[in-house]
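# Commentary on secondary and tertiary structure
What follows is the residue order along each chain.
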Amino acid sequence: MVVKAISERDVYSSSLTKVASAVVEANAASTKYVSEHDYERILPALNSLGAESGEETWLGLSKETSGSIAGPRVLLPLLYTCFHLLYDTDGVVSRASNKALKCIVTTCLEQANDKELDEQPRNAWIKFIETTFIPSLKTGIMTKDASIRRSFVLLFSHVARHFGDYESVHLYGDLKSLIRDDDQDLDFFLNVTHVQLHRRARAFNRLRKSLASSDEPLFSEQSFMNVLLPLAMHPIYEYSSKTEEAYVLESIAAVGEICKHLRWSKYNSTLQTALNNLGRYPDQERFLIAMMCSIIDAFHFPVETGESANCATKAQGNGVWRSLQNRIIPKVESFLIKEKTDKSGETVKSLRSSVTLALMKLFQKFPLKIFEEKLPKLVTVVCGALKNKESNERDIAKDTLSKMAVSLDLKYLPLILSELSVVLYEGYKLHVRSAALHSILVALSKVYDQRQVQSDEDQIASLPFERCVPAMLDIIHQDIFGKASEIKEVQNVQKRLIKEAMGSKSQDSLEIIARNILFKPSVIAKPAKETLPGLPHASAVHALITPFLERLRDPEVSSSTIRKVKECLQRITVGLSNNPTANYDELLPFVFATVSPFVYGQMNPNTNEDTLEDSDEEEVAPIQVSKSGAREASKSKPHADNTTGLSSVAVATWNPSSLGAAESKRAALIAKKKAKRDLHKVIDGASAPKFTGSSRHSSLQSSSLKTLNLPANACAVNFGLALLNSCLKRSKIDIANELHCSMADPFLPLLAHCMRYSSDSQAVVLSFKSLGFLLRMDLPSVPRTAKELGPGILDHLSASGAASNTAQNDIVQGCFKTLTLLISHPKFASVMEHGDTTVSIEDSTKQFVHSETLPLTADQMQGLLSLLHGAVRESEQHNATFGLVKAIAAKRYMSPEFFDLMDIVLKLSVQSQKQAVRLQCSQIFLNYLVDYPMGSKRLNNHLQQIVLNLKYEYEDGRLSAIDLLSSLIQKFPLPVLEEHAQLFFLPLVLSLVNDESKKCKESVADCISLILKRLSTDTVQSLYGYVKRWSQPSGAESIPMQLASAQLFGIFVEARPDYVKRGRNSTDLADIIIQVISHHSSTNENEWELVYHYLVCMEKLNKYVPGTFGSNLDVWSSLVSLMAYPHPWIMQVSARIVSGYLSAIDYKQLAQNGSDSFIAQVPGSLYDIARNSCRQLDVEDRLHVDATCTIAIKNITSAFKIMKLRPDLCYEPEETNEDENEELNPKGKSKDPCLWLMARLSNIAKPRGKLRRESVFKCFAALCTSCSPHDLVLYLQLMIDPIDRDIRDTAGKVRRGDFKDNDPRDALPKEVLQIIEDTCGTDNYIEAYAKVNKNARQKREKRKQDIASEAIHDPVAAAQRKVSRGKKEQERKKRRIDQNRSSRGGFRKNRND
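Residues numbered from 1 in each chain as written. Predicted model: local features only at pLDDT ≥ 70, side-chain atom pairs only at ≥ 80, totals over all residues. Heavy atoms only, no water.

Looking now at the overall build of the protein chain. When you go through the protein chain residue by residue, the secondary structure sums to 66 helices and five strands. When contacts within the protein chain are restricted to residue pairs at least 6 apart in sequence, long-range pairs at least 24 apart make up 69% of them. (Helix = DSSP H or I, 4+ residues; strand = E, 2+ residues; numbered from the N terminus. Contact = heavy atoms within 4.5 Å.)

Moving on, we come to the packing of helix 45 (residues 955-971) against helix 48 (residues 998-1014). Relative orientation of the contacting elements helix 45 and helix 48 amounts to 10 degrees, with a least axis distance of 10 Å. Between helix 45 and helix 48, the interaxial angle falls into the category roughly parallel. The segment helix 45 lies against helix 48, with Glu-955, Arg-958, Leu-959, Ile-962, Leu-965, Ser-966, Ile-969, Gln-970 and Lys-971 engaging Lys-999, Cys-1000, Ser-1003, Val-1004, Cys-1007, Leu-1010, Ile-1011 and Arg-1014. Within the contact of helix 45 with helix 48, the residues separate by chemical class into nine nonpolar, three polar and five charged. (Axes fitted to C-alpha atoms, helices over the stretch in contact; angles between N-to-C directions. Parallel < 35°, antiparallel > 145°, perpendicular 65-115°, else oblique. Nonpolar A, V, L, I, M, F, W, Y, C, P; charged D, E, K, R; others polar.)

With five bridges joining them, strand 1 (residues 337-341) and strand 2 (residues 347-351) adopt antiparallel strand pairing. Note that in strand 2 the partner of Lys-340 across the bridge is Val-348. The hairpin formed by strand 1 and strand 2 contains five residues between the paired strands, and Gly-345 there has a positive phi angle of roughly 95 degrees. (Pairing = 2+ DSSP bridges.)

We now examine the packing of helix 59 (residues 1186-1205) against helix 60 (residues 1233-1245). Across the interface, helix 59 lies against helix 60 with an axial gap of 9 Å and an inter-helix angle of 155 degrees. Regarding the angle of helix 59 to helix 60, the classification is roughly antiparallel. On helix 60, the residues that touch Ile-1196, Phe-1200, Met-1203 and Lys-1204 of helix 59 are Pro-1233, Cys-1234, Trp-1236, Leu-1237, Met-1238 and Leu-1241. Among the residues forming the contact of helix 59 with helix 60, the class breakdown is nine nonpolar, no polar and one charged.

Our focus in this paragraph is helix 41 (residues 878-890). Residues separated by three or four positions in an α-helix point in the same direction, a consequence of the helix having 3.6 residues per turn. Between its terminal C-alpha atoms helix 41 stretches 18 Å, which fits the 18 Å expected from 13 residues at 1.5 Å a residue. The complete set of buried residues in helix 41 reads His-878, Ala-880, Thr-881, Phe-882, Leu-884, Val-885, Ala-887, Ile-888 and Ala-889. Contacts from the buried residues of helix 41 go to helix 38 (809-823), helix 40 (858-871), helix 42 (896-911) and helix 43 (915-931). One or two residues past the end of helix 41 sits Arg-892, with phi positive at roughly 55 degrees. (Expected span 1.5 Å × (residues − 1). Buried < 20%, exposed > 50% of the residue type's maximum accessible area, 1.4 Å probe, protein only.)

A full pass over the atoms with the stated rule returns 43 aromatic pairs. Seen in terms of ring centroids, Tyr-267 and Phe-301 are 5.1 Å apart; in terms of plane orientation they differ by 65 degrees. Their pairing is edge-to-face. With a gap of 34 residues between them, Tyr-267 in helix 13 (residues 264-276) and Phe-301 in the loop between helix 14 (285-297) and helix 15 (319-333) connect regions that are remote in the sequence. By relative accessible area, which is 1% here, Tyr-267 ends up buried. Ring pairing ties together the aromatic residues Phe-898, Phe-899, Phe-925, Tyr-928 and Tyr-932, which thus form one cluster. The aromatic ring of Phe-773 is capped on one face by Arg-776, whose charged end is 5.8 Å from the ring centroid. (Phe/Tyr/Trp six-rings, centres within 6.5 Å; stacked < 30°, edge-to-face > 60°. Lys NZ or Arg CZ within 6 Å of the ring centre and 35° of its normal.)

Right, let's get into the side chain of Glu-393. Take Glu-393: it is sitting in helix 18 (residues 391-407). Of the residues examined, Glu-393 reaches a relative accessible area of 7% and is grouped as buried. With residues up to four places along the chain from it excluded, the contact list for Glu-393 reads Lys-340, Lys-349, Ser-350, Leu-351 and Asn-388.

Positive phi outside glycine occurs at Tyr-172, with the angle close to 55 degrees. Here Tyr-172 lies in the loop between helix 8 (146-162) and helix 9 (188-192). Look at Tyr-172 and you get buried, because its relative accessible area is 2%.

Here we take up the environment of Ala-112. Tracing the sequence through the fold places Ala-112 in helix 6 (residues 91-112). For Ala-112, a relative accessible area of 10% translates into the label buried. In this structure, the C-alpha to C-alpha distance between Ala-112 and Ile-126, residues 14 residues apart in sequence, is 6.5 Å. Setting aside anything within four residues of it in sequence, one finds Ala-112 in contact with Arg-122, Ile-126 and Tyr-166.

Here helix 16 (residues 353-364) is 12 residues long and its end C-alpha atoms lie 17 Å apart, about the 16 Å a rise of 1.5 Å per residue gives. Helix 16 sits mainly inside the fold: nine of its 12 residues count as buried. Every buried residue of helix 16 is accounted for by Ser-353, Val-355, Thr-356, Leu-357, Ala-358, Leu-359, Met-360, Leu-362 and Phe-363. Summarising the contacts, the buried residues of helix 16 are in contact with helix 14, helix 15, strand 2, helix 17 (368-385) and helix 18.

Scanning the model with the defined rule gives 37 salt bridges in all. Note that Glu-511 and Arg-571 form a salt bridge whose closest N and O atoms lie 2.8 Å from each other. Taken together, the residues Glu-511 in helix 25 (residues 506-516) and Arg-571 in helix 28 (residues 559-577) connect sequence positions 60 residues apart. The salt bridge involving Arg-1288 is made with Asp-1284; its shortest N-O contact spans 2.7 Å. One end of the pair, Arg-1288, and the other, Asp-1284, are both in helix 63 (residues 1276-1296), four residues apart, so they sit about a helical turn from each other. Here Arg-1288 falls in the partly exposed class, since its relative accessible area comes to 39%. Several salt bridges converge on common partners, so that one network encompasses Asp-508, Glu-511, Arg-515 and Arg-571. (Salt bridge = Lys/Arg side-chain N within 4 Å of Asp/Glu carboxyl O.)

The grouping of Arg-1285, Lys-1339, Arg-1340, Arg-1343 and Lys-1344 at the surface amounts to a positive patch. When residues in the positive patch are grouped by element, the largest group, four residues, is from helix 65 (residues 1322-1353). By the secondary structure assignment, Arg-1285 is in helix 63. (Patch = residues over 30% accessible without salt bridge, like charges linked within 9 Å, V, L, I, M, F, W, Y side chains within 5 Å. Areas by Shrake-Rupley, 256 points an atom, 1.4 Å probe, with all protein chains shown as cover. Lys, Arg positive; Asp, Glu negative; His and termini not counted. Charge placed at Lys NZ, Arg CZ, Asp CG, Glu CD.)

Moving on, we get to the environment of Val-74. With respect to the secondary-structure elements, Val-74 resides in the loop between helix 4 (58-61) and helix 5 (76-86). Considered as a pair, Val-74 and Leu-61 are 13 residues apart in the sequence and their alpha carbons are 8.1 Å apart.

Our focus in this paragraph is the confidence of the model for the protein chain. A residue-level look at the protein chain finds 81% of positions with pLDDT of 70 or above and a mean pLDDT of 79. Across residues 311-315, confidence stays below pLDDT 50; counting only partners more than four residues off in sequence or on other chains, it has seven contacts. Note on residues 830-853: pLDDT under 50 across the span, and 34 contacts to partners over four residues away in sequence or across chains. (pLDDT = per-residue confidence, 0-100.)

The residue Leu-1069 is located in helix 52 (residues 1065-1078) in this model. Exposure remark for Leu-1069: the relative accessible area of 1% places this residue in the buried category. Residues Leu-1069 and Cys-1097, 28 residues apart in the sequence, show an inter-C-alpha distance of 9.3 Å. Residues within four places of Leu-1069 in sequence aside, it is in contact with Tyr-1024, Phe-1049, Val-1053, Cys-1097 and Leu-1101.

Okay, structure coming up:
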């Protein structure tokens, strides 16, 4: 009808006749097939529109018969026809129409810039684009089919690229900044239409970042609304699988960023559309909610409520506020709670977290008064959701509340805490309340940072988090010690119904609070009312810790309470250790003031025997802690110990515990009289107290030890020591800093006392750990404390039996580490380190043992070494044990026990089952061999044992022995190495040949290479002579020696290329290689290994000595034949050598017949290379090797170039029909060898096999990127056919459900097709693709006809075919069910069919 109407208009315009005929040709249908295009008519018509000149081009059709231009309006029918063809699913027609539409854009631009035309005709072409072309594009960009939409998006890119200099916003020239012709990976339009999801996601990500980084809008509002916003919204409505989730989230973020640049009217319509679509797309509700929240977050308009005195609007505010108050906010608030029906049919209310947060962010943009009015209601709604009995809904509410706390200012945190306390007050809600508090603290800890305030007053007044500590602790204590704890501890309670009751989060909350508070316990010196109103203590640290210590002060405290307090203090310790404000100036005094009263009781820790004689009736002064952590006695005691050298500015007199202290003077007097009465009790026997001398105070010391080991006191001591250890571990102590040393020095006697007298294993372990840090410092009290540490450590080792008991492992490790530090401490440096080292064993032992600077005596050292004999065999504490052994060895201590210990270490270097133990033993023994003075006999014995270890039974032990031998080769002096070269070389060769482990062989080869690099040339020559004699064949018995020589030749070439180049060494080696390769036999299974090693040697020889095999034609012919060897290793290495040879060919000389390459000298060798490379690609998927296929692709690419350059090199000089086989062997020079090669590759990719097809497709891509487009146009059909076949197979699997859409494996064929199109041109590609589709359709129709005729002529075969097809369909369904079950985590069902 359209054509008829145009024909009737022929009397008015002759150009309409040409347009009508073009429309008829463009809509031509096939006369043979229903609903099929007539490609032979459509493609020429569409291609002619984009021709450079002619009457059938866009410009030619717009001209009258007289030659004048009728105008672009006559092209409207043809233009709409091309747009209609863009919606066609056939890739050929749509591509042709796409090209035609691009040509009309170019034509319009040329006519608009043609200055020979009048202004009116030029404007007509611009108007044609604005009023006709662009609206059609906007319509097409809204289509739901992604493949069709891609063409419209790329046309938008084409328009923007050509009209970028025009100011008209309707031409969308501002989008030109998104086009990157220099780098397609950064082009927005190419990436947003890419087949790979991550490329599309990156396109939206870059768009969002570019919009966010600019203060001014980068594009016009038309570009935002008509192009970018629809593109960003499409993924949200088209979401279908989980793999698209990241892509959809990026598009949602892009929508929010775009909305920040819209006017209120456009923003309001976009938001209203999103709100209205929530009920229309239930499957995409999650992402629509996210998009709505993203749009709300992009709110950027001023709000005037009309309550301001300066407001010029009406009392109800401006239009934005009225729209928000009347429509948007009520509509959004209706989505806060979602009602859904559960499995039992009950209605369950669920909180929409994202809507709540978006609404809160919207409220934050309102005036402060409006915000504070609306915030409590929002908090109440969220806290009310915490009462939900569904655990998942409570989790959503907790997460929402925590995010709100992060977004709000900390001054609103009390509002949230008070609402939690009011709403959740009984039953299971108590558990939910503590879990909600924990969620809030976890979220705050990620963003909260303590402010750095100079003065104490400003510091306390400006930290709102510290003000909330009492309220948070109230909730925590109620959960741990209150009703919530009682509910959890009651028997026969169904606690599993409430997830929050299964474990207390309060301990985690304590850790978070301790990590985030400002650690300033020194502010206790200030009045509480002036520093922190509302707190019972002056600092948040005391508010956090004191309640727990108060519970320990209770004389009737229960063991369960102590256990809970201990756990809480441990978590507080972890938090304080990670607190960035906890520095040495504050933490060390705090720890000492906390621990010392519990360790020493009421006895002065610095009291010695002289002071005890006169201190019977003295009162102990309270401990004062200076700012630097020092303890000072009262000024009334001039005899107090003032050797610490610390500052005397007292900042705290706080005693963290008063356990056992009297409550009044009368009680103190009664307790004192009772203590004296107990001292005067007579005890018969040896245990009777002695009342003369300093020993009369032993009862006081015993009482102090009992106080230390009370459960409550031990809990407090563990807390202080753990805090000290974590502080020392976290912070880096400046060893040279005198202030740090003076602050740390008082802790040494305290830790030594705890280590020796505490009965709590945890306190002992913590003491050892802290000593491990302090002993690294040069403290004054180290020599005095060492006298107590040494015997105490040996007592612990003796009591634990050298870690024979598993419970004492930590203590034993601490003992060994502390002894290591003591022995290596500068104050205990051995005399041997500064004197002559060439002394006898007896003298050195006496010198070492009897030195007064050592912490252990001779007997103690002997006992320690005896303990180490058993300890080194234990695998639990090997690091500490071997550290001590290293420290003793560093002193060059000599004794029979030590030499026996070294023998054990050598055995463990091989026999231990732990790699770390073997490594440490090897290092220790290596240093022992290199550094210790020993005779040749002892040295030879050790070396022979190391060589014998190469034959150890297990692989790990042999590897350790090889590594030790390699280290010895590196460390030994050259004369010693030359002397023992024979001892090392021959056993290594035997291991290289006989060892079955691949790792051991590689390590042995590296070891041999290392020894060859260090030896002199004369020694290398003698060893090379052995290898050369071993390479001589002398029957079947000589094959092992030949294998050894083949491997050793390669090692010699790689390790000593300078020696191989000398004289005739390289030539002789090349002759040996040629002899083996030329006489190989593919039928002999025992020969492949020898050939492989010589090929590897040949590859190394080509690398280090180039030109060795260049003129030998026989060896290269043999290599080409080896490319088809059955064994894959030989196939790969031979192909790698040939690939290196082909890459070095000079193509210019080859084109001029001046090349001396074996390819030119041996006709037909190029064909053999291509044929064998194709065979390497034509393998089953189970035999596929990526490395081999990659090399084959390189060889095929090089062969294709040479075939195009010199096709005669593929032909043999004499051709007979007797040599023909199934493969195409070009025998006549009239044939094209490249055609044979491309046909061979196309046939390889036709059978099903994912890896085989991918290899061929990669080969096609390599040919397109490295060869000239003119050389590939002839073979387009051969390349497109297998790729199109794979795409059709994948589409069929997707329809059947056997293959997921948007799978990454489906991207390669499409990418290769795009590369082919870009390389060969769209016209050639479309023509070839149409022919491929035509041939495929004809084959499909013929196959259907054959099947139909078979049902008539041979019904039995037809029935069998139908049965076979049914069985395959059943197997496919079963396979799909099993795959779905395994993807859900189930097991594959056993089918006994």
